[in-house]
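Geometric and topological summary
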Amino acid sequence: MDYDQVCKSVLALDPKVRFAGICDETGETKYGGMRDGMTSLLSPQESQKSNLQAVGRWGLRSSLTSKTGKGIYAMTEYEKLKRITIPLEEDHLLVVTTEVDADHANIISNTLKLLKQ
């Protein structure tokens, strides 16, 4: 999977997508980034910490896979943004942030379709 292209394609899905990045198990963003002209609400260190927390939550979800099935995505809405996380192979996580008023259901659906290609 071409992770750089995945991030570019997710950013192109909707102008309300602020960020599309892929992080590894350490929380470090390895591919992708902010939409041009957008300013991150978090410092690079805070972003890595947030990603690391998301990776940890996916690890906890994975412990219940035998009962619930594999997790497809998770979405959290904050006062200033929405964050969508989608697990990928090789211990990577796709992290997408959007504006609060974004149509997250449409963005999630189109992102999942894109990942199946």
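Quick look at the structure, then. Remember, predicted model here, so these are calculated numbers, not experimental data. (Residues numbered from 1 in each chain as written. Predicted model: local features only at pLDDT ≥ 70, side-chain atom pairs only at ≥ 80, totals over all residues. Heavy atoms only, no water.)

1. Considering a negative patch on the surface
Heads up, the condition is: Exposure above 30% relative accessible area and the lack of any salt bridge qualify a residue for a patch; like charges then connect within 9 Å, and the nonpolar side chains Val, Leu, Ile, Met, Phe, Trp and Tyr within 5 Å. Accessible surface is estimated by sampling points in the Shrake-Rupley manner with a 1.4 Å probe; for residues, cover comes only from the protein chains shown. The salt bridge criterion pairs a side-chain nitrogen of Lys or Arg with a carboxyl oxygen of Asp or Glu, the two atoms within 4 Å. This count recognises Lys and Arg as positive and Asp and Glu as negative, with His and chain-terminal groups excluded. A single reference atom marks each charge: NZ on Lys, CZ on Arg, CG on Asp, CD on Glu. Starting at the N terminus, helices and strands are each numbered in turn, a helix being any DSSP run of H or I of at least four residues and a strand any DSSP run of E of at least two.
Taken together, the side chains of Glu25, Glu89, Glu90 and Asp91 present a region of like negative charge at the surface. Along the chain, the position of Glu89 falls in the loop between β4 (82-88) and β5 (92-98).

2. Quick notes on the sheet that holds β4
Strands pair in a sheet through their backbones, by hydrogen bonds, and they do so in one of two ways: parallel or antiparallel. Rules: Only when DSSP finds a minimum of two bridges between them are two strands counted as paired. Geometry is summarised by axes, namely lines fitted to C-alpha atoms with helices restricted to the contacting stretch, and by angles between N-to-C directions that run from 0 to 180 degrees. Pairs of residues are marked as contacts when any of their non-hydrogen atoms sit within 4.5 Å.
Taking strand neighbours across the sheet as the criterion, the five strands line up as β2-β1-β5-β4-β3 in an open arrangement whose pairing is antiparallel. Strands at the two margins of the open sheet, each flanked by one partner only, are β2 (29-34) and β3 (74-77). Taken over all neighbouring pairs, the strand axes of this sheet differ in orientation by 15° on average, direction set aside. Bridge analysis of β3 against β4 gives four bridges, and the strand direction is antiparallel. Along β4, the bridge assignment pairs Met75 with Ile84. Helix-sheet contacts for helix α2 (residues 44-62) involve β1 (17-23), β2, β3, β4 and β5, and the interaxial angle to β4 is about 55°.

3. Things to note about the packing of helix α1 (residues 3-13) against helix α4 (residues 104-116)
To keep things clear, this is the line we draw: Orientation is classified from the angle alone, with under 35 degrees giving roughly parallel, over 145 giving roughly antiparallel, 65 to 115 giving roughly perpendicular, and any other angle giving oblique. Crossings are classed by handedness, with left-handed meaning an anticlockwise turn of the near helix from the far one by less than a right angle and right-handed meaning a clockwise turn. Residue polarity follows a fixed list, in which Ala, Val, Leu, Ile, Met, Phe, Trp, Tyr, Cys and Pro are nonpolar, Asp, Glu, Lys and Arg are charged, and the others, Gly among them, are polar.
Two numbers describe how α1 lies on α4: the axes approach to 10 Å, and their chain directions differ by 150°. Considering their axes alone, α1 and α4 lie roughly antiparallel with respect to each other. Of the two elements, α1 crosses α4, and the hand of that crossing is right-handed. Across the interface between the two elements, Val6, Ser9, Val10 and Leu13 from α1 touch Ile107, Asn110, Thr111, Leu114 and Leu115 from α4. Residue classes in the contact of α1 with α4 are distributed as six nonpolar, three polar and no charged.

Geometry only, nothing functional implied.
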